[in-house]
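# Report on the structure
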Amino acid sequence: MKIKNVLPAAFFLILFFSASQFAQVRPESYSLSKGRLGKTSSSTPLSNSISDIITVGDTVWVGTSRGLSRSTDKGENWTNYYGTDAFGSESISAIAYSNGVIWAATAHSVELDGQMHSQGTGLRYSADNGKTWNSIPQPVDEPGDSVIQYGINRLRALPVTVTVDNLSYDIALTPGTVWISSYAGGLRKSTDMGKTWQRVVLPPDRLNSIKPTDTLNFALQPVAGKFGAESNLNHRVFSVIADANNNLYVGTAGGINKSTDGGISWQKFTHQNENNPISGNFVVALGYNPETRSLWGATWKAEEASEFYAVSYTTDQGATWQTALEDEQVHNFGFKGQDVIATSDNGAFRSSDMGRSWIAPGPIVDKESNISLQPTAFYAAASEGNYVWLGTENGLVRLNETGGMWQGDWKVYFAAQPLASADESYAFPNPFSPDVERLTIKYSTGGKSESVTIRIFDYGMNLVRTVIQNAERGSLSNASDGQTNSVIDYWDGRDETGKIVPNGVYFYRIDRGSGGDPLFGKVIVLL
């Protein structure tokens with residue numbers, strides 16, 4: 001699960017939301033033969049922005065900013081579902097797999113009142129390894145669905161009637177039930193493969209536990225507004241997972257919630273209510289390692305000064321907690337045997353001693369293609385056998401681990417179109433969002449080493465940033481994408497002072513060597 005531009009202190013919701021106990025949706029079925037563009041086969045996924053990875057034997061499922069991709073031969077060949085009727089041009093916000101069924105949640109960005117928001121566009125699932133898909137709209141509620149029966153209580157519930165800020169960041173599968181964590185839409189479950197969805201009640205911020213026999217008086221409401229004065233961080237849901245015993249754990253902006261009775265009763269763990277607590281209450285990801293029966297949480301700093309960024313983990317189902325990787329903003333977890341892999345803004349960190357020590361890989365270089373993975377944020381990890389997979393904002397990587405930890409042969413999957421000539425360049429993604437990704441600029445030096453300068457200008461042709469100046473490019477030792485005459489460089493979307501530039505149109509200029517015409521390109525920044 002990849003959190004994009006979501007901070008608890010700056011939480012924003014559109015207050016014409018609505019939410020209910022039951023929301024009716026109409027699933028649709030699609031065969032891949034009916035796709036608008038049809039599924040495509042390639043040597044890489046279609047996007048370099050990787051949000052999630054699942055491995056099942058020789059099969060690898062990858063969620064990206066350009067849809068879902070699948071390999072059935074350990075990454076040698078890929079089927080991409082972008083452009084099919086089932087997936088369209090949507091990004092993948094979460095994937096899950098159980099007993100032969102693969103689920104994927106989709107989303108995209110929309111602009112409202114000058115601000116960009118994420119919009120959930122539903123879920124898809126396939127029970128035949130991706131041959132046919134069932135499509136489910138994002139669960140929403142009717143405007144009048146403002147009461148939920150919880151045990152002996154009738155609780156008020158803010159209805160969520162729109163899909164803006166209502167997207168599924170995580171999916172968990174237990175026998176007979178699908179669970180989704182949908183940010184403003186809260187925690188929901190379906191027991192009929194997505195035909196209907198039930199909203200699940202979690203404790204409010206002021207209570208550490210709830211059960212149906214309690215006498216309760218609160219509103220299921222993530223933010224204060226016209227509906228009511230309550231604003232519960234614990235009703236803003238980001239992550240959900242089930243352990244080997246099908247106990248549920250749910251991460252919110254207000255802590256980690258645990259249920260041992262199928263999501264009916266809940267106990268909440270926060271930074272404030274335990275002797276050895278989690279590091280922070282904003283829980284963006286959860287991971288469970290069946291080898292060690294340990295639960296891992298990416299626990300970020302929320303509202304109190306004593307909270308801090310770290311990994312929080314438990315080996316006794318929440319009775320006690322320990323913290324590790326202090327100050328790291330971890331996005332997700334993967335496991336290889338007893339090892340845990342934590343992916344963060346600063347890399348992929350791996351521990352074989354239950355969090356006491358962590359090791360990051362050295363330089364990641366594909367010896368066959370000469371592609372090297374530039375410093376980047378890591379968002380996903382998975383393993384199968386000797387293979388370790390890492391997902392980043394700048395590509396997918398695979399390690400065939402034949403030695404010790406992080407030792408072996410790397411393969412870097414980099415999605416880029418070849419240049420038609422030495423006088424061509426292009427930049428991608430375009431538009432791009434500097435808060436979550438970098439701009440990739442691809443160009444050629446004509447197969448020789450050149451001194452290269454790249455500058456960014458605004459629409460008035462005022463200098464914004466010098467990306468590189470008189471840097472040697474074109475040799476096999478620098479950033480190449482496998483073509484000896486093409487080079488990759490990056491712009492992080494910041495100006496010379498280090499500030500992210502505002503929305504708008506920008507231009508890049510590439511000067512190569514002492515002669516020849518410069519190369520130009522246009523870029524759109526969209527935050």
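Everything numeric in this text was worked out from a predicted model, so none of it was measured.

So, how was this worked out
Sequence positions are assigned chain by chain, starting from 1 and proceeding in written order. It should be noted that, the model being predicted, local features are given only for residues of pLDDT at least 70 and side-chain atom pairs only at 80 or more, the latter also being counted only at that level, while totals for whole chains, interfaces and linings use all residues. Computation of side-chain values: all heavy atoms of the structure, hydrogens and water removed. Working definition of a nonpolar core: buried Ala, Val, Leu, Ile, Met, Phe, Trp, Tyr and Cys residues. They are joined through side-chain atoms within 4.5 Å. Here's how the labels work: a residue is buried when its accessible area is under 20% of the maximum for its type, exposed when over 50%, partly exposed in between, all with a 1.4 Å probe on protein chains only. The way it works is that DSSP assigns letters per residue, a run of H or I at least four long becomes a helix, a run of E at least two long becomes a strand, and they are numbered from the N terminus. Here, two residues are considered to be in contact whenever any of their heavy atoms come within 4.5 Å of each other. Using a grid of 1 Å spacing that covers the protein atoms alone, one calls a set of points a cavity when a 1.4 Å probe fits there but cannot get out, and a pocket when the set is open and has protein on both sides within 12 Å along at least five of seven lines; lining residues are those with an atom within 4 Å of a point. Grid points are joined across faces, edges and corners, and a volume is the space filled by probe spheres set on the points. Charged means Asp, Glu, Lys or Arg here, nonpolar means Ala, Val, Leu, Ile, Met, Phe, Trp, Tyr, Cys or Pro, and polar covers whatever is left, Gly included.

## Focus on the nonpolar core
Generally speaking, a soluble globular protein has its nonpolar side chains buried in company with each other. Grouped together as the largest cluster of nonpolar side chains are 25 residues, with contacts concentrated most on W296, F333 and W358. Mapped by element, the contributors of at least two residues to this core are β24 (282-289), β25 (294-300), β26 (310-314), β28 (330-336) and β29 (339-344). Every residue in contact with W358, bar those within four places of it in the chain, is listed here: W296, A324, L325, V340, A342, F349, R350 and S351.

## Some thoughts on unusual backbone geometry
At the junction of F428 and P429, the peptide bond is cis and its omega measures out at -10° in the coordinates. Looking at the element boundaries, P429 is found in the loop between β35 (426-428) and β36 (439-444). At the junction of N430 and P431, the peptide bond is cis and its omega measures out at 10° in the coordinates. Residue position: P431 is located in the loop between β35 and β36. The phi angle at L325 is positive, at roughly 50°, despite the residue not being glycine. Mapped onto the elements, L325 comes out in the loop between β27 (322-324) and β28. In this structure, M461 takes a positive phi of about 65° despite not being glycine.

## A word on the layout of surface pockets
Empty space within the second largest pocket amounts to approximately 1,200 Å³. Along the walls of the second largest pocket sit 47 residues, with I54, A96, Y97, I241 and Y288 positioned nearest its centre. Across the lining of the second largest pocket, the residue classes break down as 26 nonpolar, 15 polar and 6 charged.

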